[in-house]
Amino acid sequence: MAEVVILDSRAAAGALVADEIVRLVDEVRNPVLGLATGSTPLPVYEALRERLAGHDVSHVRGFALDEYVGLDVTHPESYRSVITREVIEPLGLDPELIRVPNGALETVRHAGDDYEREIIDAGGVDLQILGIGTDGHIGFNEPGSSFASTTRLKTLTEQTRADNARFFDSLDEVPRHCITQGLGTILRARHLVLLAFGDAKAEAVAAALEGPVSAMIPASAVQLHPHVTVVVDEAAASRLELADYYRYSYENKPSWQGI
Ligand code: PGA
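Residues numbered from 1 in each chain as written. Predicted model: local features only at pLDDT ≥ 70, side-chain atom pairs only at ≥ 80, totals over all residues. Heavy atoms only, no water.

A.B. asks: Could you clarify how one ought to interpret the overall build of the chain in this entry?
C.D. replies: Looking only at helices and strands, the chain features eight helices and 10 strands. Taking 259 residues into account, the globule formula puts the C-alpha radius of gyration at 18 Å, and the chain, at 17 Å, falls close to it. A principal-axis box enclosing the C-alpha atoms of the chain has dimensions of 55 × 40 × 35 Å. Evaluated residue by residue, the chain yields a buried proportion of 54% over its 259 residues. Expressed as a percentage of contacts within the chain between residues at least 6 apart in sequence, the contacts between residues at least 24 apart total 78%. Side-chain charges of the chain comprise 22 positive and 39 negative groups, with the mean position of each set lying 4 Å from the other. (Helix = DSSP H or I, 4+ residues; strand = E, 2+ residues; numbered from the N terminus. Rg over C-alpha atoms; globule rule 2.2 N^0.38 Å. Buried < 20%, exposed > 50% of the residue type's maximum accessible area, 1.4 Å probe, protein only. Contact = heavy atoms within 4.5 Å. Lys, Arg positive; Asp, Glu negative; His and termini not counted. Charge placed at Lys NZ, Arg CZ, Asp CG, Glu CD.)

A.B. asks: Just to check I follow, could you spell out a nonpolar patch on the surface for this structure?
C.D. replies: Taken together, the side chains of Met1, Leu242, Tyr245 and Tyr248 present a nonpolar region at the surface, about 500 Å² in accessible area. On the secondary structure map, Tyr245 appears in helix α8 (residues 243-251). For Tyr245, a relative accessible area of 46% translates into the label partly exposed. (Patch = residues over 30% accessible without salt bridge, like charges linked within 9 Å, V, L, I, M, F, W, Y side chains within 5 Å. Areas by Shrake-Rupley, 256 points an atom, 1.4 Å probe, with all protein chains shown as cover. Salt bridge = Lys/Arg side-chain N within 4 Å of Asp/Glu carboxyl O.)

A.B. asks: Sorry, what's going on with the nonpolar core here?
C.D. replies: Proteins that are soluble and globular tend to have nonpolar side chains buried together. Formed by 80 residues in total, the largest nonpolar core has its most connected members in Ile21, Leu48, Leu195, Val232 and Leu240. The element best represented in this core is helix α1 (residues 10-27), accounting for eight residues. Setting aside residues up to four positions removed in sequence, Leu48 forms contacts with Ala18, Ile21, Val22, Ala53 and Leu91. (Core = buried A, V, L, I, M, F, W, Y, C linked by side-chain atoms within 4.5 Å.)

This is the structure in structure tokens:
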């Protein structure tokens, strides 16, 4: 089962995950990070700024989960722009080694297959950061997504568009389509780290971790993966039936185990 770590702040969650990423950067020859966008991973990226200062990051590769389709790549809310602003520039990573799916309309027919090939050629993702949507999506795999899916074009739900409208001037500006790594792609990463904060995520987190494995809750795919760490605050953990057991397990964990 997933290891569930319940912490009292987003900063503590960010620090825990950042420590593991620093370990990979220092110890793995060609570390490949799976990057997420949205508000959730920001504490991880913030913690990394301080922690990675002075470390050699020239060899770090990264793959973002998803991108809007039809949004100009130079738009400030394209995920290429977000990853550049939040990850590449502050952490000093090589932009050539950090990939984001190509959401250009002209090439979207083969962009998914191209991206899959790039991930495989890089040796696969070592640690995949994941947020979770209020509808249970990971990446932009909306309810109903196949557990075998690979990177492809998807239609966003109205719920996701409304959730993301805060990043745009109006709901109308939020694209209707995206290109996202599939659940099958995500499940190939060697370590999944799912973060969630706040009440609004509590139901989706409980459904994903303790409900049935179902395409209706795409994040329940994590139950099929052998190495998953879920890092949540108290609010996002508030619907978890086994919360006391998760706390007990974490408190009594041997220090050599890591996450
Ligand atoms: P958020 O989005 O981090 O902005 O809440 C998470 C997601 O949609 O995966």
